[in-house]
Structures are given as C-alpha cells and as structure tokens.
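Chains, contacts and geometry: an overview
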Amino acid sequence: NRTSVTAGIRGAETTDSLINPYWKDDKTEDPDYIKELTEYTRAQQLAENGELESAVKSLSAFIEEYDDSDLKPNAQFALGISYGGLGKNKTSIDALQTFVNDNPKHPLVADAKQVIAELK
C-alpha cells in the first residue's frame, strides 16, 4: 500500500543519518556541498510528500550527478522505497538490492532487506 511504503522513507532513516551521513570532514562552507545537499534534500522531500514520480526522477538524477556523494546511499534507499510506493515492486527490489550490495554496512541495510522481503 502506497502510504505505508512512502511513510517508511522517513521512518527508516533516523534524523541523525539524514543530517550527518558519514561526513569525512566539515563541508558546511563549501558551495558545491551546499548545492549537493540542497538537491538531495529537495528529492527526499518529494518522496516524503508522496510525490513519488517526481521523487524518482529527482533521486535518479541526484544519483547520476553525484555518483561519489556521501548522500548517494541515502538517495539509493529512498529511490527504492519510492518505486515501491508506486507499485513498481520489481524495480523497487532491484534498487534496494543495489543499495544493499553497494553499502553492506549502512544502517539502513536491515530496513532495505525487510522491504525487499515484503515486496517479493
């Protein structure tokens, strides 16, 4: 059901993981970092608002543009959840499995595996 899957985006990510996702150093004054964070936040907000088609486009664009971003794992997770909310179960499973494979130690791996199991 669309609502429970969408609600899982915020529910699964702790505020700490959204604000401080594995920063290597302080980038708060870096204009490139600020642009990156702004684009990620905008995409995440679309997902949280249930604007899933727009969220999928924005998250996919973010992942492509910021391939080496510290926020990429969070974006991959949100992308998988958004596909699930749209009822695109196979695409959701594939996206979440990519997230798990690429980030085996990420705090959201257990949540991703749970969603994968529910969508199968």
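Keep in mind the model is a prediction, meaning the values are calculated, not measured.

1. Here we look at the pattern of salt bridges
- Applying the stated rule across the entire model yields four salt bridges.
- With a shortest N-O distance of 2.9 Å, Lys-35 and Glu-39 are connected by a salt bridge. Residue Lys-35 and its partner Glu-39 are both found in helix 3 (residues 31–48); the two are separated by four residues, about one turn of the helix.
- We classify Glu-39 as partly exposed; its relative accessible area is 21%.
- The partner of Asp-67 in a salt bridge is Lys-72, with the nearest N and O atoms 2.6 Å apart.

2. Notes on helix 7 (residues 109–119)
- Three or more residues of helix 7 are buried, namely Val-109, Ala-112, Val-115, Ile-116 and Leu-119. Looking down the long axis of helix 7, one finds its buried residues gathered within 125 degrees of arc, a one-sided arrangement. Opposite the packed face of helix 7, turned more than 90 degrees from it, sit the exposed residues Ala-110, Ala-117 and Glu-118.
- Check the buried side of helix 7 and you find it contacts helix 5 (72–85) and helix 6 (89–102).

3. Regarding the packing of aromatic side chains
- On inspection of all chains with the given rule, the structure shows three aromatic pairs.
- With a centroid separation of 4.9 Å and 35 degrees between ring planes, the pair formed by Phe-62 and Tyr-66 is classed as tilted. With respect to class, Phe-62 is no different from Tyr-66; both count as buried.
- In textbook terms, an aromatic cluster arises when at least three aromatic residues are bridged by ring pairs, as seen for Tyr-40, Phe-62 and Tyr-66.

4. Topic: the packing of helix 6 against helix 7
- Between helix 6 and helix 7, whose axes approach to 9 Å, the crossing angle comes to 155 degrees. Put simply, helix 6 runs roughly antiparallel to helix 7. The crossing of helix 6 and helix 7 is left-handed. Contacts from Asn-89, Ser-92, Ile-93, Leu-96, Gln-97, Phe-99 and Val-100 in helix 6 reach Val-109, Ala-112, Lys-113, Val-115, Ile-116 and Leu-119 in helix 7.
- Residues that form the contact of helix 6 with helix 7 fall into these classes: nine nonpolar, three polar and one charged.

5. A closer look at the nonpolar core
- If you look at the biggest cluster of nonpolar residues, it comprises 16 residues, and the most contacted ones within it are Tyr-40, Ala-55, Leu-59, Phe-62, Ala-75, Leu-79 and Tyr-83.
- When neighbours within four sequence positions are excluded, Ala-75 is seen to be in contact with Tyr-40, Leu-59, Phe-62 and Ile-63.
- Among the nonpolar cores identified, the runner-up in size contains twelve residues, and Leu-96, Phe-99, Val-100 and Leu-108 belong to it.

6. Brief notes about the packing of helix 3 against helix 4 (residues 52–65)
- The N-to-C vectors of helix 3 and helix 4 enclose an angle of 155 degrees; their axes lie 7 Å apart at closest approach. As judged from the angle between their axes, helix 3 and helix 4 are roughly antiparallel. When you trace helix 3 past helix 4, the crossing you get is left-handed. Taken together, the residues of helix 4 that come into contact with helix 3 (itself represented by Lys-35, Glu-36, Glu-39, Tyr-40, Ala-43, Leu-46 and Ala-47) are Leu-52, Ser-54, Ala-55, Ser-58, Leu-59, Phe-62 and Glu-65.
- Across the contact of helix 3 with helix 4, the residue classes tally to eight nonpolar, two polar and four charged.

Parameters and conventions
- Per chain, residue numbering runs from 1 following the sequence as it is written.
- Given that the model is predicted, a residue must reach a pLDDT of at least 70 before its local features are reported, and side-chain atom pairs must reach 80 or more before they are shown or counted; all residues, however, enter totals for whole chains, interfaces and linings.
- Water and hydrogen atoms play no part in the side-chain values, which are based on all heavy atoms of the structure.
- Throughout this description, the term salt bridge denotes a Lys or Arg side-chain nitrogen within 4 Å of a carboxyl oxygen of Asp or Glu.
- Secondary structure elements follow DSSP: runs of H or I no shorter than four residues count as helices, runs of E no shorter than two count as strands, and numbering proceeds from the N terminus.
- Exposed residues in this analysis have more than 50% of their type's maximum accessible area, buried residues have under 20%, and partly exposed residues fall in between, with area computed by a 1.4 Å probe over protein chains only.
- When we speak of the arc, we mean the arc of directions from the helix axis to the C-beta atoms.
- In this description, contact between two residues means that some pair of their heavy atoms is separated by no more than 4.5 Å.
- In this scheme Phe, Tyr and Trp rings, the latter by its six-membered ring, pair at centre separations within 6.5 Å, and the angle between planes marks the pair as stacked below 30 degrees, edge-to-face above 60, and tilted otherwise.
- Whenever a helix is involved, its axis is fitted only over the stretch in contact; in every case the axis is a line through C-alpha atoms, and angles between N-to-C directions fall within 0 to 180 degrees.
- An angle below 35 degrees is read as roughly parallel, one above 145 as roughly antiparallel, one from 65 to 115 as roughly perpendicular, and any other as oblique.
- Should the near helix be turned counterclockwise from the far one by less than a right angle, the crossing is left-handed, whereas a clockwise turn marks it as right-handed.
- Amino acid classes used here: Ala, Val, Leu, Ile, Met, Phe, Trp, Tyr, Cys and Pro are nonpolar; Asp, Glu, Lys and Arg are charged; the rest, including Gly, are polar.
- Nonpolar core, defined: a set of buried Ala, Val, Leu, Ile, Met, Phe, Trp, Tyr and Cys residues in which side-chain atoms within 4.5 Å join the residues together.

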